[in-house]
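# Chain and residue survey
What follows is each chain in one-letter form.
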Number of protein chains: 2
Amino acid sequence: MSFTTTEENYIKAIFHLQQGEGTVSTNELAAELHTKAASVTDMLKKLKTKKLLSYERYKGVRLSAEGKKLALAIVRKHRLWEYFLVNTLQFGWDEVHEVAEELEHVSSKKLVEKLDAFLGYPKFDPHGDPIPDSHGKMAVQQQVNLIDLPLNKAAEVSSVGSQSTELLELLKHKHIGIGTKLEVKRKFSFDHSIEIKLKNQNPFTISQQLAQALFVKLV
Amino acid sequence: MSFTTTEENYIKAIFHLQQGEGTVSTNELAAELHTKAASVTDMLKKLKTKKLLSYERYKGVRLSAEGKKLALAIVRKHRLWEYFLVNTLQFGWDEVHEVAEELEHVSSKKLVEKLDAFLGYPKFDPHGDPIPDSHGKMAVQQQVNLIDLPLNKAAEVSSVGSQSTELLELLKHKHIGIGTKLEVKRKFSFDHSIEIKLKNQNPFTISQQLAQALFVKLV
DNA sequence: AATTATTTTTAGACAAATCTAAAAAATATA
DNA sequence: TATATTTTTTAGATTTGTCTAAAAATAATT
Ligand SMILES: [Mn+2]
Ligand SMILES: [Mn+2]
Ligand SMILES: [Mn+2]
Ligand SMILES: [Mn+2]
């Protein structure tokens, strides 16, 4: 069976909101997709008949095995294309999300597999998110939110919590990217800001909001 | 202004049928796009309001300067992606057309320019068709239809007249591709078949239909 | 020139995806 | 528990691209 771009965007949105387990509400989906609750209800009925999800009125929605498989295929394409754009075409990591939003809907299976091979089967995209393999399996990164990192533990940035241009612009200004090594030097309880130190740089503080948008792994 | 995939496909089809100059009929377009004349009329009215073409009822259609520019941009994307698929991802030249049909509608300008640079600004696609540059200019290949090639003149295949899988399958079987060197040894007036000879191979005959689908340049 | 055949356009309908406004169900609060 | 608030669904329209069937215009034949 084949699906429209719109249907695929719904499936991907449900997958991300569902986050492994749990049920997703109509309003959550409407917000995520910048549409209205009534439109979401219509689409959920349609996707139910296509067996991509289980849905009972007023009870929220959950992807079926079928739906999860489709979601993983779309996420795989999205992240492979992002990797291609950054590593092959020299895009900045902050300019690839929108383009990948389109490329992820190109349907050729063979294209995805050939692209994956050409790129050398990468495990993580430019934002540190894991790329599902052709069977839908993805590496689990041992990572912790920067806000929870203990003081003076050497760590490196492994992923970011959002793809917003606002966040990526801020990170570029502060010279923080995937792989950046850092330590937390102090935590301020007044505003929950934290002081971090990058290699060969003076320590500086970052806001609670920024810290929460960064994930790190110990090195 | 931005355009839907459908609108872009209409513009590209008109461009190809128009072939430089001339006017395109509703029925020609309907056949090319596998749709009905009534649908074409509807779309032509719409594209006229968008100033992409000039159209008077019962008088056929012709692209405006604006429309030609858009058509060239789409053709550019189509052929660059085909080149990428064959030369970077190792697709066969007979399997790329359908995929490029989708990729040509990805909208990012930056993507096209970066792709072009990555590929080294190729001038011709895998089928020998010229790739428009970022200003819409394309190389003009000095080529002649194989059916018109004089006897015993060394020539090389420079492009094919269609992208159909049927044609490309036949060419693959006969080991003929872009760049293949050959000479015409005889022409048979009974069925207009011609005998050709490839390097290090015995001569063999090909049908009139096949000869007409091949373009060559003298070497 | 009159008739016939072909091409093209209109009229009206439909499916997909969306919206607003109102009704219904579920949840929270008093 | 009764009432108020929030969430979700239905009802009815709208837009886009398509279709069939019938009408109108053009082109081809006698
Ligand atoms: Mn998308
Ligand atoms: Mn990403
Ligand atoms: Mn296309
Ligand atoms: Mn081509």
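Everything below is about the structure shown above.
So, here is what we can say about the structure in this document. (Residues numbered from 1 in each chain as written. Chains lettered and ligands numbered in written order. Predicted model: local features only at pLDDT ≥ 70, side-chain atom pairs only at ≥ 80, totals over all residues. Heavy atoms only, no water.)

### Considering the sheet that holds strand 8 (residues 214-218) of chain A
Residue and element names in this part refer to chain A. Condition: What makes two strands pair is DSSP finding at least two bridges between them. Only runs of H or I of at least four residues qualify as helices and only runs of E of at least two qualify as strands under DSSP, and these elements are numbered from the N terminus.
Here we have 6 strands laid out as an open sheet, ordered 3-8-4-5-6-7, and antiparallel in their pairing. At either margin of the open sheet sits one strand with a lone partner, and together these are strand 3 (144-145) and strand 7 (204-206). Relative to strand 6 (residues 194-198), strand 5 (residues 181-187) is paired through 5 bridges, and the arrangement is antiparallel. Within the sheet, the bridge partner assigned to Val-184 lies in strand 6 and is Ile-196.

### Notes on the protein's contact with DNA strand D
To keep things clear, this is the line we draw: Proximity is defined per residue: any heavy atom of the residue falling within 4 Å of a molecule or strand makes that residue near it. Residues adjacent in sequence count toward polar contacts only when both atoms are side-chain atoms; beyond that, a polar contact is any pair of N or O atoms within 3.5 Å, and within protein one must be able to donate a hydrogen and the other to accept it. Lys, Arg, Asp and Glu make up the charged group, whereas Ala, Val, Leu, Ile, Met, Phe, Trp, Tyr, Cys and Pro make up the nonpolar group; the residues left over, Gly among them, are polar.
In the vicinity of DNA strand D, 20 residues are found, and the nearest of them are A:Lys45, A:Tyr55, B:Thr35, B:Ser39 and B:Lys46. Counting only the atoms of DNA strand D within 4 Å of the protein, the fraction contributed by sugar and phosphate is 77%. With respect to DNA strand D, the side chain of B:Ser39 contributes an N or O atom lying 2.7 Å from a phosphate oxygen. Side-chain polar atom of B:Tyr58 to a sugar or linking oxygen of DNA strand D: 3.3 Å apart, as the coordinates give it. Taken together, the elements giving at least two residues each to the surface near DNA strand D come down to helix 2 (26-32) and helix 3 (37-49) of chain A together with helix 1 (5-18) and helix 3 (37-49) of chain B. Of the residues that constitute the surface near DNA strand D, the class distribution is 7 nonpolar, 8 polar and 5 charged.

### A few points about the coordination of the manganese ion (ligand 4)
Residue and element names in this part refer to chain B. Selection rule: A donor here means an N, O or S atom no more than 2.8 Å from the metal, or no more than 3.2 Å when the metal is Na, K or Ca. Since water is not included, a site may seem to lack partners. Each residue's exposure class comes from its accessible area (1.4 Å probe, protein chains only) as a fraction of the maximum for that residue type: buried when under 20%, exposed when over 50%, partly exposed otherwise.
The protein atoms that coordinate the manganese ion (ligand 4) are Glu-82 (OE), Asp-125 (OD) and His-127 (ND1), at distances of 2.1 to 2.4 Å. Site description for the manganese ion (ligand 4): donor spacing in sequence, E-x42-D-x1-H. For Asp-125, a relative accessible area of 5% translates into the label buried.

### Regarding the relation of the copies chain B and chain A
Formally: Least-squares superposition aligns the copies on the C-alpha atoms of those residues with pLDDT at or above 70 in both. Should any heavy atoms of two residues lie within 4.5 Å, those residues are counted as being in contact.
Superposing chain B onto chain A takes a rotation of 180° plus a shift of 0.0 Å along the axis, which leaves an RMSD of 0.0 Å. The relationship between the two copies is best expressed as a two-fold rotation axis. Residue B:Leu103, judged by its C-alpha, is the member of chain B lying nearest the rotation axis, at 3.8 Å. Most of the interface of chain B is mirrored in chain A: 100% of its interface residues are interface residues there too.

### Side note on the pattern of salt bridges
The condition is simple: Here, a salt bridge means any side-chain nitrogen of Lys or Arg that lies within 4 Å of a carboxyl oxygen of Asp or Glu.
Applying the stated criterion to the full structure yields 24 salt bridges over all chains. Salt-bridge contacts for B:Glu95 lead to A:Lys110; the nearest nitrogen and oxygen are separated by 2.8 Å. Pair noted here: B:Glu95 is in the loop between helix 4 (65-87) and helix 5 (97-103) and A:Lys110 is in helix 6 (residues 109-119), and the two residues belong to different chains. We classify B:Glu95 as partly exposed; its relative accessible area is 31%.

### A word on the protein's contact with DNA strand C
Near DNA strand C you find 20 residues, and of these A:Thr35, A:Ser39, A:Lys46, B:Lys45 and B:Tyr55 are the closest. Counting only atoms of DNA strand C within 4 Å of the protein, the fraction found in sugar and phosphate groups is 77%. Side-chain polar atom of A:Ser39 to a phosphate oxygen of DNA strand C: 2.6 Å apart, as the coordinates give it. Secondary-structure elements contributing two or more residues to the surface near DNA strand C are helix 1 (5-18) and helix 3 of chain A together with helix 2 (26-32) and helix 3 of chain B. Split by residue class, the surface near DNA strand C holds 7 nonpolar, 8 polar and 5 charged.

### Let's talk about the environment of B:Ile147
Residue and element names in this part refer to chain B. When you line up the elements, Ile-147 lands in the loop between strand 3 (144-145) and strand 4 (155-160). Through-space distance from the C-alpha of Ile-147 to that of Gln-209 is 9.2 Å; in sequence the pair is 62 residues apart. Setting aside residues no more than four positions away along its own chain, Ile-147 makes contact with Lys-187, His-192, Gln-208, Ala-211 and Gln-212.

### Considerations on the environment of B:Lys77
Residue and element names in this part refer to chain B. Here Lys-77 is to be found in helix 4. Its relative accessible area of 9% is what places Lys-77 among the buried residues. Placed 55 residues apart in sequence, Lys-77 and Pro-132 show a C-alpha to C-alpha distance of 8.8 Å. Setting aside its immediate chain neighbours within four residues, Lys-77 contacts Glu-104, His-105, Val-106, Ser-107 and Val-112.

### Overview of the coordination of the manganese ion (ligand 1)
Residues and elements named next belong to chain A. Here the manganese ion (ligand 1) is held by Asn-9 (OD1), Glu-101 (O), Glu-101 (OE), Glu-104 (OE) and His-105 (NE2), and the distances to it run 2.2 to 2.7 Å. One chain supplies every donor for the manganese ion (ligand 1), spaced along it as N-x91-E-x2-E-H. Of this pair, Asn-9 sits in helix 1 while Glu-104 sits in the loop between helix 5 (97-103) and helix 6; the two residues are 95 residues apart in sequence, bridging distant segments of the chain. Accessibility expressed as a relative area gives 22% for Asn-9, which makes it partly exposed. Overall, Glu-104 belongs to the buried group, its relative accessible area being 0%.

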